[in-house]
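Spelled out from the first residue to the last, the chains are:
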Amino acid sequence: MWQRWRERFIEKTIAASGMFSIIVVILIFLFLLKEGLALFRTVPMTDFLGGDRWYPISEPPRFGVLPLILGSCVVTLGAIVLAVPVSIASALFISEIAAGWAKDALKTGIELLAAIPSVVLGFLGMAVLAPWIKYLFQLPTGLTALTGSIILALMAMPTIVSITEDALAAVPRGYREAALALGATRWQMMSRVLLPAARPGILAAVMLGIGRVIGETMAVMMVTGNAAVIPRSVLQPVRTMTATIAAEMGEAVRGSDHYFALFAIGIVLFAISFLLNAAADLFLHQERH
Amino acid sequence: MVSEAPAAVTMAAQQWSVWYGTVQALKSVTLDIRSREILGVIGPANSGKTSFLRSLNRMNDMNPAFRYEGKIALDRQDIYRELDGQTVRRRVGIVFALPLPLPMSIRENILYGPRLRGERNRARLEELVERSLKAASLWEEVRDRLDSSAMKLSGGQQQRLCIARTLAMEPDVVLFDEPCSGLDPISTAKVEETMVQLKAHYTLVLVTNNTKQAARVSDRVAFFLMGELIELGSTEVMFTAPRDRRTNDYITGRFG
């Protein structure tokens, strides 16, 4: 009797812990919606999503979020373009070519890269990378979208490498042998059999990498220059959605349009992250079948 | 054996030894494989028969612990010293124990090897698909669905597709590594029939755990035990009057 009661208690506790995270997500989303949607009582949604000027404290204020969305997109896209080829190559090297200590050292190194706090990377970007970029391209400032992309690429790499490596490891050993037995060189085996077979997993890895990058705040805020203008080139300062929220939340008057606008940006970010995660899930799911 | 007319030697192992790390898998094996014969290789588990087979087309190269001594020749060329791995594997095809079609269509599976080799001529590729599938006795069953996924075929069909895929490479020698171990008796019979037909054009080596299969399809049989070649002879002699007592014990089922 006592034992059965105990079993039920443990079961329920575990179930409650499982539900907890879902409830928290729902609550966060509801709170975001409540605070963010309040903006549209005074500012039309088209002005918010389509406006090209973000002047939240001028008179009258302008809440055009387009420069921020584009800022995030440019930095993210740049980071992905830089990170994906390098990450896939290094995953291939770790899973197919490196053996023994080289493999272990690389895996540990990649994990360590993930463990570096983003503020430290931001600091390096500011102190080392930005001056180089300024000098290299002869710019008035080294704090540009490109600087952000490079730093963020470093942050996305561990995620992409380790998930890609898992996807490669999940490809049956027999495929490799079959391809080699048909006279493929190692590279032909990798490019024509291994990568296509691991493609769903690799796409999921890229999606999760994008998710990691688009949500990053501290490092980008430190290195992108934070100019809220529609970017025309990667060599110009941009401002991302995350950096805007982080920088302005402290100053915005609670209950003001500015405050609500920052929450509305949060909704946009949440929606993007949600879509990316859903896409990654879809790819991973596809892989299992 | 003496009465047989000497056929052209296609492959030859001379004092061939193999180690994986510190474990010796083959001990100084010397063995000729004749042109257009089926050489059956039998022996219990760990006898080295699969190591021997994989030595013949350098499939062991990917194993970092693999080490060898001795020589294996393909038409007098040393495959480990004079040829590179891809060239050897293009000339000496292998069919694995488990049917492993690549995750693509039937047609693409067949054309994978020829395309790697650089064949681009469409008519020639089409012809290769038909000819290889016919040679593997699979053409009639799949001719209407060449573009559907190879993963949808039955186990026996997949194995014959793997044979066809190997033949499309136009190899000189085809190795079979227990090709029927995962198949039902009817599929097994079809694969065996295919092998016997292939003998007209190819040299075949068949590693099998099924001594009866070796008796049914091979011309000569080699018996391996604990990494050594114990006895090699025509199938008839091996199964009726083996010289070595251990061969007799194995084929009569006293161990293994």
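Residues numbered from 1 in each chain as written. Chains lettered and ligands numbered in written order. Predicted model: local features only at pLDDT ≥ 70, side-chain atom pairs only at ≥ 80, totals over all residues.

1. A short note on the overall build of chain A
Assigned secondary structure in chain A consists of 11 helices and 2 strands. Seen through its C-alpha atoms, chain A measures out along the principal axes to roughly 75 × 70 × 30 Å. Taken over 289 residues, chain A has a buried fraction of 40%. A fraction of 74% describes how many contacts in chain A between residues 6 or more apart in sequence connect residues 24 or more apart. (Helix = DSSP H or I, 4+ residues; strand = E, 2+ residues; numbered from the N terminus. Buried ≥ 20, exposed ≤ 12 C-beta atoms within 10 Å, placed from the backbone. Contact = placed C-beta atoms within 7 Å.)

2. Quick look at the confidence of the model for chain B
Per-residue confidence for chain B gives a mean pLDDT of 89, with 96% of residues at or over 70. Confidence drops under a pLDDT of 50 for residues 1–6 of chain B, and excluding neighbours within four residues, the segment shows 3 contacts in the predicted structure. (pLDDT = per-residue confidence, 0-100.)

3. Here's the deal with the interface of chain B and chain A
Opposite the 19 residues of chain B that make contact, chain A presents 15 residues. Looking at the side of chain B that touches chain A, the elements that each hand over two or more residues are α2 (85–91), β6 (92–95) and α3 (106–117) of chain B. No other element matches the 4 residues that α3(B) contributes to the side of chain B that touches chain A. Per-class residue counts for the side of chain B that touches chain A are 12 nonpolar, 3 polar and 4 charged. (Nonpolar A, V, L, I, M, F, W, Y, C, P; charged D, E, K, R; others polar.)

4. Things to note about unusual backbone geometry
Following A:Glu59, the chain continues to A:Pro60 via a peptide bond in cis, the omega torsion being 0°. Here A:Pro60 shows up in the loop between β1 (54–55) and β2 (62–63). Unlike most non-glycine residues, B:Arg58 shows phi in positive territory, near 60°. With respect to the helices, strands and loops of the structure, B:Arg58 is situated in the loop between α1 (49–56) and β4 (66–74). The backbone of B:Ser137 shows a phi angle near 50°, a positive value even though the residue is not glycine. With respect to the element layout, B:Ser137 can be found in the loop between α4 (122–135) and α5 (139–142).

5. Observations concerning the domain arrangement of chain A
Residues and elements named next belong to chain A. When its domains are assigned, chain A resolves into domain 1 (2–41) and domain 2 (49–288). The C-alpha centroid of domain 2 is placed 29 Å from the C-alpha centroid of domain 1. Considering only residue class, the side of domain 1 that touches domain 2 consists of 5 nonpolar, 1 polar and 1 charged. (Domains from an automatic or database assignment.)

6. Describing the nonpolar core
In this structure, A:Leu152, A:Ala156, B:Val41, B:Ala164, B:Val205 and B:Leu206 are the most contacted members of the largest nonpolar core, which totals 134 residues. Among the elements that line this core, the one with the most residues is helix α6 (residues 145–169) of chain A, at 15 residues. The contact partners of B:Leu206, leaving out residues within four places of it in the chain, are B:Ile38, B:Leu39, B:Gly40, B:Val41, B:Phe176, B:Met195, B:Ala214, B:Val217 and B:Ser218. In this structure, A:Phe63, A:Leu68, A:Ala264 and A:Ile265 belong to the second largest nonpolar core, which totals 16 residues. (Core = buried A, V, L, I, M, F, W, Y, C linked by C-beta atoms within 7 Å.)

7. Some remarks on the pairing of β6(B)
Residues and elements named next belong to chain B. Across the two faces of β6 the burial is the same, with Val92 and Ile94 and Gly93 and Val95 all buried. The pairing of β6 with strand β7 (residues 173–177) spans 4 bridges and is classified as parallel. Of the residues in β7, the one forming a bridge with Val95 is Phe176. (Pairing = 2+ DSSP bridges.)

8. Here we look at α1(B)
The periodicity of an α-helix, 3.6 residues per turn, causes residues three or four positions apart to be oriented the same way. Residues and elements named next belong to chain B. Across the 8 residues that make up α1, a large majority, 8, are buried. Along α1, the residues classified as buried are Lys49, Thr50, Ser51, Phe52, Leu53, Arg54, Ser55 and Leu56. Count one or two residues on from α1 and you reach Arg58, which has phi positive near 60°.

9. Describing the pairing of strand β9 (residues 220–225) of chain B
All names here are of chain B. Most of β9 is tucked away, with 6 of its 6 residues classed as buried. Residues Arg220, Ala222 and Phe224 point to one face of β9 and Val221, Phe223 and Leu225 to the other, with burial holding for every one of them. Taken together, the 4 bridges between strand β3 (residues 38–42) and β9 define a ladder with parallel strand orientation. Across the sheet, residue Leu39 finds its bridge partner in β9, namely Arg220. Inspection of the sheet shows β9 paired to strand β10 (residues 228–234) by 6 bridges, in the antiparallel sense. Its bridge partner being in β10, Ala222 is matched across the sheet by Leu232. The turn linking β9 back onto β10 is made up of 2 residues, and Met226 within it adopts a positive phi angle of 50°.

10. A few points about α4(B)
Residues and elements named next belong to chain B. For α4, built from 14 residues, the straight-helix expectation of 20 Å at 1.5 Å per residue is met to within 8% by its first-to-last C-alpha distance of 20 Å. Within α4, the full set of buried residues consists of Leu128, Val129, Ser132, Leu133 and Ala135. Summarising the axial view, the buried residues of α4 lie within an arc of 160°, below the 170-degree limit, and thus occupy one face. Of the residues in α4, the exposed ones pointing more than 90 degrees away from the buried face are Ala123 and Glu127. Those residues of α4 hidden inside the fold are in contact with α3, α5, α6 (155–167) and α7 (185–198). The first or second residue beyond α4 is Ser137, which carries a positive phi of 50°. (Expected span 1.5 Å × (residues − 1). Arc of directions from axis to C-beta.)

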